[in-house]
Amino acid sequence: MKFGILAPGKIAHKMAEAVSEIPDLEKYAVASRDLSRAETFAKKWSFEKAYGSYEAMLEDEAVELIYVASPHSLHYMYAKMCLEHGKNVLVEKPFTVNAKQAEELIKLAETKGLLIAEAIWTRYMPSRFMLEKLLADGVIGEVSSLTANLGYVLTGIERLEKPELAGGALLDLGIYPINFALMAIPEEIKTVSSTAVLSPGGVDWQNSIHITFASGKTALLHSNMRALTDRNGMIYGDKGYIQFVNINNGEEIRVYDLQYRMTECLKVPEQINGFEYEVLSCMKAIREGKTECEEMPHSEILRVMRLMDELRAEWGLTYPCE
């Protein structure tokens, strides 16, 4: 399968590293608005072709799957361009800026019979399924609540500080605690409340989210682009609790009993860098003629986008591109 990358920025290098070791995937094309940048990227990662415009790559009939790695605010536009040119597309998270954009892309993809997927890597990783099995096996009994956080010192980074680029903690970091909660407690949401601290420039620097699910289970989530957090996901049950170390890229899963004794510690499998799993899922779905990945179906993409829309509405936070 011939693979292309649209917008060879920092995160695209990580994707190139991952696909370099995937069998049956050809590093075929990379496109930038700056030809020299595309050529430099192609040379470094041994891509066959380099294009100085996105349209030029999209007109190449050989390209089968494109990874969109542009800033958040441009995901919708470039993913739509890919679909309109008949290309399957994997969009870096967040899928779009809002649910309306997501709905339009998904409808277009399904109409054309093309795959569109979100590159929220934690949905595709083995650690996700390891955690689900532990919960299904009842190792900590009946779950009643969880907490999860993600924070890095990211102030000063242009794409995160500018509203016009759909910056802020929620879309870049908060999406991970949200997805962690929805994977660990796959239930309908009853209520959501939240608070956020906004920057002078108009993005959320940090936020706290409280979710109550239909069963009465709760999730307390936090993301912060001004501080380093422990990145833990903690799930609490009536027979013990689980510590998921690093919800952004699971390192190990620790199980504790009611005496605070660790009874089990699961190590995650070795990986290239973690990005490979979402690409493998896309390849499988395309070969099966599907328009979505089973690990992150369209219904869940929309669920997360609608939740983030609701949170931003509560904070009075909108982006110029909406």
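Further up the page is the structure itself.
So, here's what we can say about the structure. (Residues numbered from 1 in each chain as written. Predicted model: local features only at pLDDT ≥ 70, side-chain atom pairs only at ≥ 80, totals over all residues. Heavy atoms only, no water.)

Each helix and strand in the chain was counted, giving ten helices and 14 strands. The C-alpha radius of gyration of the chain comes to 20 Å, within 12% of the 20 Å expected for a compact globule of 322 residues. Taken across its 322 residues, the chain has 57% of its residues classed as buried. Carbon together with sulfur atoms contributes 51% to the accessible area of the chain, which is approximately 13400 Å² in total. A distance of 1 Å separates the average location of the 34 positive side-chain charges in the chain from that of its 46 negative side-chain charges. (Helix = DSSP H or I, 4+ residues; strand = E, 2+ residues; numbered from the N terminus. Rg over C-alpha atoms; globule rule 2.2 N^0.38 Å. Buried < 20%, exposed > 50% of the residue type's maximum accessible area, 1.4 Å probe, protein only. Areas by Shrake-Rupley, 256 points an atom, 1.4 Å probe, with all protein chains shown as cover. Lys, Arg positive; Asp, Glu negative; His and termini not counted. Charge placed at Lys NZ, Arg CZ, Asp CG, Glu CD.)

Moving on: the packing of helix 8 (residues 169–184) against helix 10 (residues 298–315). At a closest axis distance of 11 Å, the pairing of helix 8 and helix 10 adopts a crossing angle of 125 degrees. The angle between helix 8 and helix 10 falls in the class oblique. Seen along the crossing, helix 8 lies across helix 10 with a hand that is right-handed. Of helix 10, the residues touching helix 8 (which contributes L170, L171, I175, I178, N179 and L182) are E300, R303, V304, L307, M308, L311, R312 and W315. Across the contact of helix 8 with helix 10, the residue classes break down as ten nonpolar, one polar and three charged. (Axes fitted to C-alpha atoms, helices over the stretch in contact; angles between N-to-C directions. Parallel < 35°, antiparallel > 145°, perpendicular 65-115°, else oblique. Left-handed = near helix turned anticlockwise from the far one by under 90°. Contact = heavy atoms within 4.5 Å. Nonpolar A, V, L, I, M, F, W, Y, C, P; charged D, E, K, R; others polar.)

The parallel open sheet is built from six strands, whose spatial order is 3-2-1-4-5-6. Among the strands making up the open sheet, the edge pair consists of strand 3 (49–51) and strand 6 (116–119). This sheet shows a mean twist of 20 degrees between the axes of neighbouring strands, independent of strand direction. Across three bridges, the pairing between strand 2 (residues 26–31) and strand 3 is parallel. Directly across from A31, in strand 3, lies its bridge partner Y51. (Pairing = 2+ DSSP bridges.)

So, on to the sheet that holds strand 9 (residues 204–213). Here we have eight strands laid out as an open sheet, ordered 8-9-10-7-11-12-13-14, and mixed in their pairing. The open sheet has two edge strands with one neighbour each: strand 8 (189–198) and strand 14 (262–267). Ignoring which end each strand starts from, the neighbouring axes of this sheet average 10 degrees apart. Two elements, strand 7 (residues 143–151) and strand 11 (residues 233–237), share five bridges in a ladder whose sense is antiparallel. Across the sheet, L146 pairs through a bridge with I235, a residue of strand 11. Its contacts with the sheet put helix 10 on strand 8 and strand 9, and the angle it makes with strand 8 is roughly 50 degrees.

Okay, the side chain of S73 next. Residue placement: S73 occurs in the loop between strand 4 (65–68) and helix 4 (75–84). Residue S73 is classed as buried on the basis of its relative accessible area of 12%. A polar contact of 3.4 Å, which involves the side chain of S73, links it to the backbone oxygen of E164. The contact partners of S73, leaving out residues within four places of it in the chain, are V97, E164, L165, A166 and C321. (Polar contact = N/O pair within 3.5 Å; in protein donor to acceptor, adjacent residues only side chain to side chain.)

The next point concerns the packing of aromatic side chains. Applying the stated criterion to the full structure yields seven aromatic pairs. Judged by centre distance (5.8 Å) and plane angle (55 degrees), the ring pair of F41 and F47 falls under tilted. Relative to F275, the ring of W121 has its centre 5.1 Å away and its plane inclined at 80 degrees; by these criteria the two rings are edge-to-face. Of the two residues, W121 sits in the loop between strand 6 and helix 6 (126–136) while F275 sits in the loop between strand 14 and helix 9 (276–287), which places them 154 residues apart along the sequence. (Phe/Tyr/Trp six-rings, centres within 6.5 Å; stacked < 30°, edge-to-face > 60°.)

With that out of the way, let us pick up the pattern of salt bridges. Within this structure, the stated rule accounts for 20 salt bridges. A salt bridge links R123 to E300; the nearest nitrogen and oxygen atoms lie 3.0 Å apart. Of this pair, R123 sits in the loop between strand 6 and helix 6 while E300 sits in helix 10, and the two are 177 residues apart along the sequence. With its nearest N and O atoms 3.0 Å apart, the salt bridge here joins D172 to R159. Within this pair, whereas D172 is found in helix 8, its partner R159 is found in helix 7 (residues 158–161), the two being separated by 13 residues in sequence. Classification of R159 by relative accessible area gives partly exposed; the value is 35%. Each of K93, R159 and D172 takes part in salt bridges that share partners, so that together they form one network. (Salt bridge = Lys/Arg side-chain N within 4 Å of Asp/Glu carboxyl O.)

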